[in-house]
Number of protein chains: 2
Amino acid sequence: MLGNKSRLLLQSIKTFVARSSDQKLVKVLDKIHPADLALILGHLKRSEVDKVFSLIKDNLEFTAEVLKEAQPDVSVEILENLSPKVISLLLQEMYSDDAAQILDRFPDELREAVLKEMEDIEQQEVEERLDYQEETAGRIMVPDFFALHPETTVKEAIKALQKNKDVEIFYYIYVVSDEGRLVGVASLRQLLLVSPDTLIRDIMEPEVITINTDADQEDVARKVARYNLIAIPVVDDVGRMQGIVTVDDVIDIIKEEATEDMLKMAGAHGDVDSVQSGSILANVKIRWPWLLASWFGGMFAFYITGQFESALEKVVILAGFIPIVMGMGGNIGTQSSILVVRGLATRLIDPHDLWSVISRELRVALSLGILYGALLTLAVFLLLKTGIIAQSEVHETKLALVIGLGVFSSMMVAAVIGTLCPIILDRIHIDPAIATGPLVTTSIDVFGILVYFTIASWLLL
Amino acid sequence: MLGNKSRLLLQSIKTFVARSSDQKLVKVLDKIHPADLALILGHLKRSEVDKVFSLIKDNLEFTAEVLKEAQPDVSVEILENLSPKVISLLLQEMYSDDAAQILDRFPDELREAVLKEMEDIEQQEVEERLDYQEETAGRIMVPDFFALHPETTVKEAIKALQKNKDVEIFYYIYVVSDEGRLVGVASLRQLLLVSPDTLIRDIMEPEVITINTDADQEDVARKVARYNLIAIPVVDDVGRMQGIVTVDDVIDIIKEEATEDMLKMAGAHGDVDSVQSGSILANVKIRWPWLLASWFGGMFAFYITGQFESALEKVVILAGFIPIVMGMGGNIGTQSSILVVRGLATRLIDPHDLWSVISRELRVALSLGILYGALLTLAVFLLLKTGIIAQSEVHETKLALVIGLGVFSSMMVAAVIGTLCPIILDRIHIDPAIATGPLVTTSIDVFGILVYFTIASWLLL
């Protein structure tokens, strides 16, 4: 959302571009926070964006900051129009994780050209980064961190800090051995609390919470959140420090993972950016396969009803209860699967103690199934007795009981599918979030109808 | 989830409690991280928890840390068995936001008794906290922060830092005027980079990003995430500094809000804790109203099919396509509503530029509707032509077209409802996330069936 401040800024930028008031525009851009400008970019026309960039492009640091904060597709679109030389200068202003993220989205040729332009060290850093798997700690870490030897004195540490003004985060000071192994951590604040001659080894905390370069970004986020860290050091298999992941990146990961899970519920997962901001075609491409599942499910349900034609012909009103069977089953099944999926994602559910979850879900479903099954039996009985529904084939009480039992059973089946699917998927290491999507909802529909008609034809024919 | 380390710890604790090996237990507890013990608590039996607490309770700081990190319901259960005196001592070890959160869950009597035991200043702090609305910046902030006068020198600032060892976060130094108004911010690191006689006013950044005490916690989280802050100062209406919200609390907020949104999709929102870990009864209580909506929707759909009895009697196979009408409509409607809800929550969708979202969703739905409507027409036509479905009342081509058009129309109606509901709710300041729940899915079902039968009876009768 654009807040009031951003809307005002957007308005001024648009006005000054239209009036070609470059001086006023420069004044506005001088004061703006890069994060605010990044947000506004998405609301400007192509020509307006070009104007803004022509004015800020000499301030490489600021421009890089804006590009880093903007939506990746917006940044890539802007950069693609620049020369490889200028792109490489801008990317060198960024941390290599951000640079790698943008390079990754370039067409192959442009990526090669830009990498060629970059200075050797920077290029090597970015290329090394691209070697790590996507969404791992190695890929998202910042390789610039502040490390000292254990034998350094506090006085020397402060001098080193004064020299390394460029390193991003100074909240923790990492203590690293001759071989590059992480042996301790100290806080910046501790430096101020002890005498200048104290050795770092004497104030450092030797038990450091770390994460491996190969760890999934979700595990990084979980660890940072659990231990309330501002940054977590990333180490390789032999404990050598490779970089840090900072809490602001962790926030982005947590948001991104939540969005991905929700899109999976919609059966619209895939590249989050293209679903949210992409073209019609991109949306259709991502969404059609899931609807296909639903389409086949529907055709299968049609086939099922066809199999029970004799029951349907004898008691036509059975058809009228298809919607309630599907609706109640679908909703209770979705409740179960979302509760289990979110419980697994937030680790409120322990995958090693699943029996308690399954038993709770089934008992909840039993209670709700009995409640709504009984309610339906009562409602159908009254509708039949009062003659609002007319039929003469089956005794009223029996028919009412059969329909109530049908809804109850399909609710139970739905709860079982909704609870077990995500648990089984998690066990075989498939993301359980897809269990909230159309694939499972469709199976719930199909099985619900099958159970309903089986019970009805069995008891009525 | 319990990782391997936590499972090992859990196992040792259980074993040592069973064997009454207090010494070994003490050794384990001495080394454990409070966040790890908090996690393990939920997996211990009542008697095991009591044993652990009897051994750690003299270390008030550690015990308070464990209780703060544990699930709130677990902490409350443990505390309720202690005397108001001990509870007050433990709560005083916590920051007043955490203490207020726990006190809020106590029965009234116990809360009064504990507040009476607390020292005057602490009690006042906690009581003031309870005056702020739940889920606002005022309620979640930490009132302890490090503030200096602008005329302080860096040397004096460092001395002050050395004295205030208790204040939580030292990443930022806040600069506050005589009237308590926040006039600037400096980083701890800056103190190390300038000469000791420099005035704080000369190194501080005068433009501070702040948040009002009344702001919703979601806005707090959004601001911290957007500007990559470690902490945000909370100010009252006249700009006086009242406290800070730190990034670790922001992470909890972001996770909590995502979980709440997902539970709303399940029609199971309410107190997150009781849904995830509560009793059967608590679950049934939260979940039954949403199923009731679905139940009434189903009954209404039954009523609708009754209204089209003549069409149904003439062409019985219309009933067999109810599942596909409901399934396709439900799925495409859910896709639209989840995309819009998540887009609004992450502010990828600008509420002032809704037309582009609505138009995109409708064009996507149009494409998908035409695709699957045509597919169904073709399928039905083939099934009729080959005699797999037998009927003699209506011409095959016409019937196939009518059914395809019915599914297409109900998909369009579903997409419109799914897109517009969250947008309208957001406009009238109701959380749009409920638009992903059973209320909307049920309306989609009902309207989908209505549209399907209206088209069928209109064209076939």
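About the cut-offs
- Residues numbered from 1 in each chain as written.
- Chains lettered and ligands numbered in written order.
- Predicted model: local features only at pLDDT ≥ 70, side-chain atom pairs only at ≥ 80, totals over all residues.
- Heavy atoms only, no water.
- Helix = DSSP H or I, 4+ residues; strand = E, 2+ residues; numbered from the N terminus.
- Buried < 20%, exposed > 50% of the residue type's maximum accessible area, 1.4 Å probe, protein only.
- Contact = heavy atoms within 4.5 Å.
- Areas by Shrake-Rupley, 256 points an atom, 1.4 Å probe, with all protein chains shown as cover.
- Lys, Arg positive; Asp, Glu negative; His and termini not counted.
- Charge placed at Lys NZ, Arg CZ, Asp CG, Glu CD.
- Buried area = accessible area lost by both parts, 1.4 Å probe.
- Polar contact = N/O pair within 3.5 Å; in protein donor to acceptor, adjacent residues only side chain to side chain.
- Pairing = 2+ DSSP bridges.
- Least-squares fit on C-alpha atoms with pLDDT ≥ 70 in both.
- Salt bridge = Lys/Arg side-chain N within 4 Å of Asp/Glu carboxyl O.
- Axes fitted to C-alpha atoms, helices over the stretch in contact; angles between N-to-C directions.
- Left-handed = near helix turned anticlockwise from the far one by under 90°.
- Nonpolar A, V, L, I, M, F, W, Y, C, P; charged D, E, K, R; others polar.
- Domains from an automatic or database assignment.
- Core = buried A, V, L, I, M, F, W, Y, C linked by side-chain atoms within 4.5 Å.
- Phe/Tyr/Trp six-rings, centres within 6.5 Å; stacked < 30°, edge-to-face > 60°.

Chemist: What am I meant to see in the overall build of chain A here?
Modeler: When helices and strands are tallied, chain A shows 24 helices and 6 strands. For chain A, buried positions account for 55% of its 461 residues. Counting contacts in chain A only where the partners sit at least 6 residues apart, residues at least 24 apart contribute 65% of the total. Roughly 20100 Å² of accessible area belongs to chain A as shown, and the carbon and sulfur atoms make up 55% of that amount. Seen as two clouds, the 41 positive and the 65 negative side-chain charges of chain A have centres 6 Å apart.

Chemist: Would you mind going over the interface of chain B and chain A with me for this structure?
Modeler: In many reports, interface size means the accessible area that the parts give up when they come together. Listed per partner, the contact involves 112 residues of chain B and 111 residues of chain A. For the chain B and chain A pair, buried surface summed over both sides reaches about 10200 Å², with 68% attributable to carbon and sulfur atoms. The tally of links from chain B across to chain A stands at 22 residue pairs in polar contact (both at pLDDT 80 or more).

Chemist: What should I look at first to understand the pairing of strand β5 (residues 231–235) of chain B in this one?
Modeler: In summary, the side chains of a regular strand alternate between the two faces of the sheet. All names here are of chain B. For β5, the tally of buried residues reaches 5 of 5 residues, placing the bulk of the element in the interior. In β5, alternate side chains face the same way, and those of A231, P233 and V235 on one face and I232 and V234 on the other are all buried. Pairing analysis gives 2 bridges linking strand β4 (residues 211–212) to β5, with the strands arranged parallel. Residue pairing in the sheet places I211 in a bridge with V234 of β5. What sits between the antiparallel neighbours β5 and strand β6 (residues 241–246) is a turn of 5 residues, in which G239 has the positive phi angle 85°.

Chemist: Could you clarify how one ought to interpret the relation of the copies chain B and chain A in this entry?
Modeler: Between the two copies of this chain, the relationship is a rotation about some axis together with a displacement along it. Here chain B sits on chain A after a turn of 180° about the axis and a move of 0.1 Å along it, with an RMSD of 0.2 Å. Taken together, the rotation and translation describe the operation of a two-fold axis. A shared interface surface links the copies, since 99% of the contact residues of chain B are contact residues in chain A too.

Chemist: What am I meant to see in the pattern of salt bridges here?
Modeler: It is possible for side chains of opposite charge to pair when their charged atoms get near one another. Under the counting rule described, the total for this entry stands at 36 salt bridges over all chains. Each of R46, D50 and E77 of chain A takes part in salt bridges that share partners, so that together they form one network.

Chemist: Looking at this structure, I do not really get the packing of helix α21 (residues 322–345) of chain A against helix α20 (residues 322–345) of chain B. What am I missing?
Modeler: Helix packing for two helices is described by the angle between their axes and how far apart those axes are. Between α21 of chain A and α20 of chain B, whose axes approach to 10 Å, the crossing angle comes to 35°. As α21 of chain A runs across α20 of chain B, the sense of the crossing is right-handed. Residue-level contacts link I322, P323, M326 and G327 of chain A of α21 of chain A to I322, P323, M326 and G327 of chain B of α20 of chain B. Classifying every residue of the contact of α21 of chain A with α20 of chain B by side-chain character gives 6 nonpolar, 2 polar and no charged.

Chemist: I'm lost on the domain arrangement of chain A in this one. Help?
Modeler: For chain A, the domain assignment lists domain 1 (4–140), domain 2 (147–254) and domain 3 (272–460). Between domain 2 of chain A and domain 3 of chain A, the C-alpha centre-to-centre distance is 51 Å.

Chemist: Help me out: how do you make sense of unusual backbone geometry in this one?
Modeler: Leaving glycine aside, a negative phi is the common case for residues, and trans is the common case for peptide bonds. For N228 of chain A, which is not a glycine, the phi torsion comes out positive at approximately 50°. Backbone geometry places H429 of chain B, a non-glycine residue, at a positive phi of 60°.

Chemist: When you look at the sheet that holds β5 of chain B in this model, what are you seeing that I'm missing?
Modeler: Two modes of strand pairing occur in sheets, parallel and antiparallel, and in both the strands are linked by backbone hydrogen bonds. Here we have 3 strands laid out as an open sheet, ordered β4-β5-β6 (chain B), and mixed in their pairing. Lying at the two open borders of the sheet, with one neighbouring strand each, are β4 and β6 of chain B.

Chemist: Just checking my understanding: could you explain the nonpolar core for this structure?
Modeler: Ranked by size, the top nonpolar core spans 105 residues in total, and within it L318, F321 and L376 of chain A together with L318, F321, I324 and L376 of chain B carry the most contacts. It is helix α22 (residues 396–427) of chain B that contributes the most residues to this core, 12 residues altogether. Of all hydrophobic cores here, the second largest spans 64 residues; its members include A137, Y227 and I230 of chain A together with V224 of chain B.

Chemist: Would you mind showing me how to read the packing of aromatic side chains here?
Modeler: Centre distance and the angle of the planes are the two values used to describe a pair of aromatic rings. Applying the stated rule across the entire model yields 14 aromatic pairs over all chains. Ring centres 4.1 Å apart and planes at 15° place the aromatic pair F302 of chain A and F321 of chain B in the stacked group. Here F302 of chain A, found in helix α18 (residues 280–307), pairs with F321 of chain B, found in the loop between α19 (309–314) and α20, and the two come from separate chains. Centre to centre, the rings of F308 of chain B and F453 of chain B are 5.5 Å apart; their planes meet at 15°, and the pair counts as stacked.

Chemist: Sorry if this is basic, but what is going on with the sheet that holds strand β2 (residues 172–176) of chain A here?
Modeler: All names here are of chain A. Spatially, 3 strands are ordered β1-β2-β3 in an open sheet, and the strand pairing comes out mixed. Edge strands, defined here as strands with exactly one partner in the open sheet, are β1 (147–148) and β3 (182–187). Note: β2 against β3, 5 bridges, orientation antiparallel. When the sheet's bridge partners are listed, V175 is paired in β3 with G184.

Chemist: Would you take a moment to explain helix α8 (residues 96–103) of chain B for this structure?
Modeler: One turn of an α-helix holds 3.6 residues; hence residues three or four places apart share an orientation. The buried fraction of α8 of chain B amounts to 7 of the 8 residues, a majority that puts the element mostly inside the structure. Every buried residue of α8 of chain B is listed here: S96, D97, D98, A99, A100, I102 and L103 of chain B.

Chemist: Help me out: how do you make sense of the side chain of S88 of chain A in this one?
Modeler: All names here are of chain A. Looking at the secondary structure, you find S88 in helix α7 (residues 84–93). Owing to a relative accessible area of 0%, S88 belongs among the buried residues under this scheme. If near-sequence neighbours (up to four positions away) are discounted, S88 is found in contact with V114, E117 and M118.

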